[in-house]
Amino acid sequence: MQEEQQPEAAADPMSSSEAPDDGPKEAASVSQNISDADAFKILLEMKMKKRQKTPTLPSTVTELDTEDGSKVYVVGTAHFSDSSKKDVVKTIQEVQPDVVVVELCQYRVSMLKMDEKTLLKEAKEINLEKLQQAIKQNGVMSGLMQMLLLKVSAHITEQLGMAPGGEFREAFKEASKVPFCKFHLGDRPIPVTFKRAIAALSFWQKVKLAWGLCFLSDPISKDDVEKCKQKDLLEQMMAEMIGEFPDLHRTIVSERDVYLTYMLKQAAKQIELPRASETEPRQYIPSVVVGVVGMGHVPGIEKNWNSDLNIQEIMSVPPPSASSKIFRFVVKATVFGLMGYGCYRIGRRTVRLILSMPAAQSYLQKLTELRAQH
């Protein structure tokens, strides 16, 4: 397959794992003496026979076409849904794609190989170690945002008894059963999304968002999740979100719509057929792609499909604003204050030990300077 060089910003998320090239069991009897080109043609013919010319697809699938004749089937899913998993399996089996693209980045790819039981346990167990790891990887603000959103995910997991991302794991399994099917990670790296989201919010918006996520406790039923697959209800929910945090919607939803659209179009390049010799002319055929994304991204993908897209701008991370620096300082000071109070309850000797730490002395000095300025 001939592919154009990916822009540097898109290189990492486009990393793919190819499905096994040995094909179905029927190909086992093929003579080992045939050329690679002939073997490819045999397997490709078998794949084309399985591919339905007029596939019967779920109502959650949106069909898009490229200028060179390639087809992209976008499956809109609810991330906590048994029905969505069935939709993904059905679509891949019907169209026998050349590429499957999922709404994941390299930072979340581990969920593909974890079983439901492990993921359920991971989503429910949010502890200090996970918080420290998130802060170390993404910085204080992005790390806290990641943990707060993980808390939302854990809340849904606890309510439904179902781990997130089941549709992506089903897509990974089904793609491995299709000859010559590639598996692409099509989402923007999550640290970039979090950092851009944090930079877009004012100080009080950050506080309000964090407060709302921390005290999320509304019960959620499986019927509520399935209703998210209805575009009218989803658009209503998005409208409410835009009204409260329009900049957050832009960075977490709209920008990722653009990124996902770009990656789907990159995956839908024509396929070059193998040649018996270098003198034989090159031949290309249109490709078939299945995209697996949250239903909330489908309208944006449709909107951006025929546009010329440049993802360089939405991959940049703006420098932290003054409000971000203040918020970060307040969070750190609060953590040290709680630690100090806990240690005081244990004993004054421990307090002296904490206060003698360079980090604690540095924050005390900053507090003194701030107080002197006022």
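An unreviewed UniProt entry lists the chain under the name TraB domain containing, from Nothoprocta perdicaria.

Draft legend 1. Focus on the side chain of Arg-256. As for its position among the elements, Arg-256 is in helix H12 (residues 246-267). On the accessibility criterion, Arg-256 (11% relative accessible area) is buried. Ignoring any residue separated from it by four or fewer positions in sequence, one finds Arg-256 in contact with Glu-103, Arg-108, Asp-187, Arg-188, Thr-193, Thr-251 and His-297.

Draft legend 2. Expanded view of unusual backbone geometry. Phi is positive for Gln-96, close to 45°, though the residue is something other than glycine. Structurally, the position occupied by Gln-96 is in the loop between helix H3 (82-95) and strand S4 (99-102). Taking relative accessible area as the criterion, Gln-96 reaches 8% and is therefore assigned buried. The phi angle at Phe-180 is positive, at roughly 60°, despite the residue not being glycine. Examined against the element boundaries, Phe-180 turns out to sit in the loop between helix H7 (166-175) and strand S5 (182-185).

Draft legend 3. Seen up close, the environment of Lys-49. Mapped onto the secondary structure, Lys-49 falls in helix H2 (residues 36-50). When the C-alpha positions of Lys-49 and Gln-96 are compared, they lie 9.5 Å apart, and in sequence the two are 47 residues distant.

Draft legend 4. Structural view of the pairing of S5. Side chains Lys-182 and His-184 project from S5 onto one buried face, and the interleaved Phe-183 and Leu-185 project onto a second face that is buried too. Pairing geometry for S4 and S5, over four bridges, is parallel. Across the sheet, Val-102 pairs through a bridge with Leu-185, a residue of S5.

Draft legend 5. Up close: the packing of aromatic side chains. According to the stated counting rule, one finds one aromatic pair in the structure shown. Ring geometry for Phe-172 versus Phe-183: centroids 5.1 Å apart, planes at 80°, classification edge-to-face. On the criterion of sequence distance, the pair formed by Phe-172 in helix H7 and Phe-183 in strand S5 is long-range, its members being eleven residues apart. Looking at Lys-265, its charged tip hangs above the ring of Trp-305, at a distance of 5.8 Å from the centre.

Draft legend 6. Fine view of H7. Across the ten residues of H7, seven count as buried, placing the element largely inside the fold. Every buried residue belonging to H7 is among Gly-166, Glu-167, Phe-168, Arg-169, Ala-171, Glu-174 and Ala-175, and all of these are buried.

Draft legend 7. Structural view of the packing of helix H8 (residues 190-200) against H12. Here H8 crosses H12 at 150°, and the two axes come no closer than 8 Å. Relative to H12, H8 is oriented roughly antiparallel. The chirality of how H8 crosses H12 is right-handed. The residues of H12 that touch H8, namely those facing Thr-193, Arg-196, Ala-197 and Ala-200, are Asp-247, Leu-248, Arg-250, Thr-251, Ile-252, Glu-255 and Arg-256. In terms of residue class, the contact of H8 with H12 is made up of four nonpolar, two polar and five charged.

Draft legend 8. Quick look at H12. With 22 residues, H12 should reach 32 Å at 1.5 Å per residue; the first-to-last C-alpha distance of 30 Å fits that figure. Along H12, the largest kink reaches about 30° and is centred on Arg-256. Along H12, 17 of the 22 residues are buried, which leaves the element largely enclosed by surrounding structure.

Calculation rules
Residues numbered from 1 in each chain as written. Predicted model: local features only at pLDDT ≥ 70, side-chain atom pairs only at ≥ 80, totals over all residues. Heavy atoms only, no water. Helix = DSSP H or I, 4+ residues; strand = E, 2+ residues; numbered from the N terminus. Buried < 20%, exposed > 50% of the residue type's maximum accessible area, 1.4 Å probe, protein only. Contact = heavy atoms within 4.5 Å. Pairing = 2+ DSSP bridges. Phe/Tyr/Trp six-rings, centres within 6.5 Å; stacked < 30°, edge-to-face > 60°. Lys NZ or Arg CZ within 6 Å of the ring centre and 35° of its normal. Axes fitted to C-alpha atoms, helices over the stretch in contact; angles between N-to-C directions. Parallel < 35°, antiparallel > 145°, perpendicular 65-115°, else oblique. Left-handed = near helix turned anticlockwise from the far one by under 90°. Nonpolar A, V, L, I, M, F, W, Y, C, P; charged D, E, K, R; others polar. Expected span 1.5 Å × (residues − 1). Bend = angle between axes of the 7 residues up to and from the residue.

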